[in-house]
Amino acid sequence: MKKLLVAVALGFSFLSAGCASTLKYNPVYIPNERASTRINGAAALVMTQESQNFVFTGNPTSFTGSATTLTLPIGEIAREVGLVVLGRSFENGAAIALSSQDGKYNAVVSVSNFSYQYNQMQNLGMAITPKVTLSLNAVVTDPDGKELLRKTYNRTDFKGDTYMASTQPAEKINAAFHKALTEMLNEMVTDIANAEKTPIS
């Protein structure tokens, strides 16, 4: 019991000290859950260079961890997660592009409105639940250039895994971001299939 209390105190100390964390894309954080559709054809994940290079640096919105800062390469992670999700959802795979490509499904995406928190209150101070909020803006056209959807996917206070103690709390935020983004992209794939009335295979 004493060791557990020491571990919890140590974990919380990382959030009370003025720590700065720089995070990276991590494929391990991408869930195995896939959209229930596979679409015939190839996809282009269209992101401007500015979108791909977008980096967030800031503090959490919660009191817990308010002295800490994390740097999250949102554009890079969105690109890599997007390629994984689209690559396993389209029969002929997916590739990154700066502009729309002829003969492909073009998904123009960007991430906005990101924030995060270390929620300790909902666990009565005994544990922490990492939460992220973000929007995924998407415009998708079919291989003939017809617009299939124009939609913003939102996740508010999306929960990561609750933990008692961690020496790398920022990685819990990183994992939650990967998970939320994967879920939103899977939802986008389902919407594309529905718009195309593509049968589930």
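Residues numbered from 1 in each chain as written. Predicted model: local features only at pLDDT ≥ 70, side-chain atom pairs only at ≥ 80, totals over all residues. Heavy atoms only, no water.

### Structural notes on the nonpolar core
Right, on to step 1. Grouped together as the largest cluster of nonpolar side chains are 47 residues, with contacts concentrated most on Phe114, Leu181 and Met188.
Right, on to step 2. Listing elements by their share of this core, those giving two or more residues are strand S2 (43–46), strand S4 (69–72), helix H3 (74–87), strand S6 (105–119), strand S7 (129–141), strand S8 (147–159) and helix H4 (169–196).
Right, on to step 3. Considering each element in turn, this core owes the most residues, twelve residues, to H4.
Right, on to step 4. If we ignore the near neighbours within four places in the chain, the residues touching methionine 188 are Leu86, Ala107, Val109, Ala138, Val140, Leu149 and Tyr153. (Core = buried A, V, L, I, M, F, W, Y, C linked by side-chain atoms within 4.5 Å. Buried < 20%, exposed > 50% of the residue type's maximum accessible area, 1.4 Å probe, protein only. Helix = DSSP H or I, 4+ residues; strand = E, 2+ residues; numbered from the N terminus. Contact = heavy atoms within 4.5 Å.)

### Topic: the sheet that holds S8
Right, on to step 1. Spatial ordering of the open sheet is given by S5-S2-S6-S7-S8, a layout of five strands whose pairing is mixed. Looking along the sheet, the strands with just one partner apiece sit at the ends: strand S5 (94–97) and S8. Geometrically, the sheet is characterised by an average inter-axis angle of 25 degrees between neighbouring strands, direction not taken into account.
Right, on to step 2. Judged from the ten bridges that link them, S7 and S8 form a sheet pairing that is antiparallel. Bridge pairing links valine 139 to arginine 150 in S8.
Right, on to step 3. Set on the sheet, H4 makes contact with S6, S7 and S8; between it and S8 the angle comes to about 150 degrees. (Pairing = 2+ DSSP bridges. Axes fitted to C-alpha atoms, helices over the stretch in contact; angles between N-to-C directions.)

### Brief notes about H4
Right, on to step 1. Taking 1.5 Å per residue, 28 residues should reach 40 Å; H4 reaches 41 Å between its end C-alpha atoms and fits that length.
Right, on to step 2. Looking at the residues trailing H4, positive phi occurs at lysine 197, about 55 degrees. (Expected span 1.5 Å × (residues − 1).)

### Points about the sheet that holds strand S1 (residues 20–22)
Right, on to step 1. Sheet architecture is open: three strands sit in the order S1-S4-S3, paired in mixed fashion. The sheet is open, and its two edges are formed by S1 and strand S3 (56–58), each paired on a single side. Across this sheet, the average inter-strand angle for adjacent strands is 5 degrees, counted without regard to direction.
Right, on to step 2. Inspection of the sheet shows S1 paired to S4 by three bridges, in the parallel sense. Among the inter-strand pairings, alanine 20 is bridged to a residue of S4, identified as threonine 69.

### Quick notes on the packing of aromatic side chains
Right, on to step 1. Scanning all chains against the criterion turns up six aromatic pairs.
Right, on to step 2. With a centroid separation of 4.9 Å and 80 degrees between ring planes, the pair formed by phenylalanine 56 and phenylalanine 114 is classed as edge-to-face. Of this pair, phenylalanine 56 sits in strand S3 while phenylalanine 114 is found in strand S6, placing the two residues 58 residues apart along the sequence.
Right, on to step 3. An angle of 85 degrees between the planes, with centres 6.1 Å apart, marks the rings of phenylalanine 56 and tyrosine 116 as edge-to-face. Of this pair, phenylalanine 56 sits in strand S3 while tyrosine 116 is found in strand S6, placing the two residues 60 residues apart along the sequence.
Right, on to step 4. A residue is classified by how much of its surface remains accessible, and tyrosine 116, at 1% relative accessible area, is buried.
Right, on to step 5. In this structure an aromatic cluster arises from ring pairing among Phe56, Phe114, Tyr116, Tyr118 and Phe177.
Right, on to step 6. One cation-aromatic arrangement involves lysine 172 over tyrosine 163; the distance from NZ or CZ to the ring centre is 5.4 Å. (Phe/Tyr/Trp six-rings, centres within 6.5 Å; stacked < 30°, edge-to-face > 60°. Lys NZ or Arg CZ within 6 Å of the ring centre and 35° of its normal.)

### Some points on the pattern of salt bridges
Right, on to step 1. In total, this model carries seven salt bridges according to the counting rule given.
Right, on to step 2. A salt bridge links arginine 38 to glutamate 91; its shortest N-O distance comes to 3.2 Å. With arginine 38 in the loop between S1 and S2 and glutamate 91 in the loop between H3 and S5, the pair connects residues that are 53 residues apart, well separated along the chain.
Right, on to step 3. Of the residues examined, arginine 38 reaches a relative accessible area of 28% and is grouped as partly exposed.
Right, on to step 4. The partner of glutamate 80 in a salt bridge is arginine 79, with the nearest N and O atoms 2.8 Å apart.
Right, on to step 5. Under the relative-accessibility criterion, glutamate 80 is labelled partly exposed at 22%.
Right, on to step 6. Connected through shared salt-bridge partners, Lys151, Arg155, Glu183, Glu187 and Asp191 make up one network. (Salt bridge = Lys/Arg side-chain N within 4 Å of Asp/Glu carboxyl O.)

### Concerning the environment of isoleucine 192
Right, on to step 1. Topologically, isoleucine 192 is positioned in helix H4.
Right, on to step 2. By relative accessible area, which is 1% here, isoleucine 192 ends up buried.
Right, on to step 3. Each C-alpha atom, one on isoleucine 192 and one on threonine 141, is 8.9 Å from the other, the two residues being 51 residues apart in sequence.
Right, on to step 4. With residues up to four places along the chain from it excluded, the contact list for isoleucine 192 reads Ile39, Phe90, Tyr105, Val140, Leu148 and Leu149.

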